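The residues making up each chain are set out below.
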Amino acid sequence: WEVSWADETGALSAPATSSFRTGLADANWTGVNWIGSNTTNLYRAEFTAPTFTNAVLYLAGLGYSYTTVNGVNVSSSHLVSAPWTQNERLVMYSTYDVTALLKQNTANSIGVALGYGWRDSRTFTRREDTAGDS
């Protein structure tokens, strides 16, 4: 996208450009290998990445998480938490460019450690009047 603005005299600025990504809302998820569910809140998957030009990780969770690709933390902070939402209606996700972390045509790994987060009554008391109502 591109944006320009006018100052108090009406003079226009040079355009500034940027971009953003969204999840694969209309994608066909048939054949996707999900990491899965277990009782430990620790998940790990190994896979071989084909030849690619860029790789993006979309991470959705209902609380705190720590994620690595090939042993390297993918976020700028050590602990990531999406804001609270009514998860029955809206689940937030984080997007990471992991191109530099993946190895092409060879084994890779992804690990996710989930905390208790928003869905755990010990952490948060549900409020109907907060984010995710739209």
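Everything in this summary refers to the structure shown in the same document.

Conventions and cut-offs
Residues numbered from 1 in each chain as written. Predicted model: local features only at pLDDT ≥ 70, side-chain atom pairs only at ≥ 80, totals over all residues. Heavy atoms only, no water. Helix = DSSP H or I, 4+ residues; strand = E, 2+ residues; numbered from the N terminus. Buried < 20%, exposed > 50% of the residue type's maximum accessible area, 1.4 Å probe, protein only. Contact = heavy atoms within 4.5 Å. Polar contact = N/O pair within 3.5 Å; in protein donor to acceptor, adjacent residues only side chain to side chain.

What follows covers the overall build of the protein. In terms of regular secondary structure, the protein is built from 0 helices and 9 strands. Along the protein, helices and strands appear, N-terminal first, in the series β-β-β-β-β-β-β-β-β. Looking at the protein residue by residue over its 134 residues, the buried ones come to 26%. Residue pairs in contact within the protein that sit at least 24 positions apart in sequence constitute 71% of those at least 6 positions apart.

Considering the arrangement of structural elements, one finds Asn-108 in strand β9 (residues 107-114). The class of Asn-108 is buried, set by a relative accessible area of 2%. Here Lys-103 takes part through its backbone nitrogen, which lies 2.8 Å from a polar atom of the side chain of Asn-108. Leaving out residues up to four positions away in the same chain, Asn-108 has contacts with Ala-45, Glu-46, Phe-47, Ala-49, Asn-70, Leu-101, Leu-102 and Lys-103.

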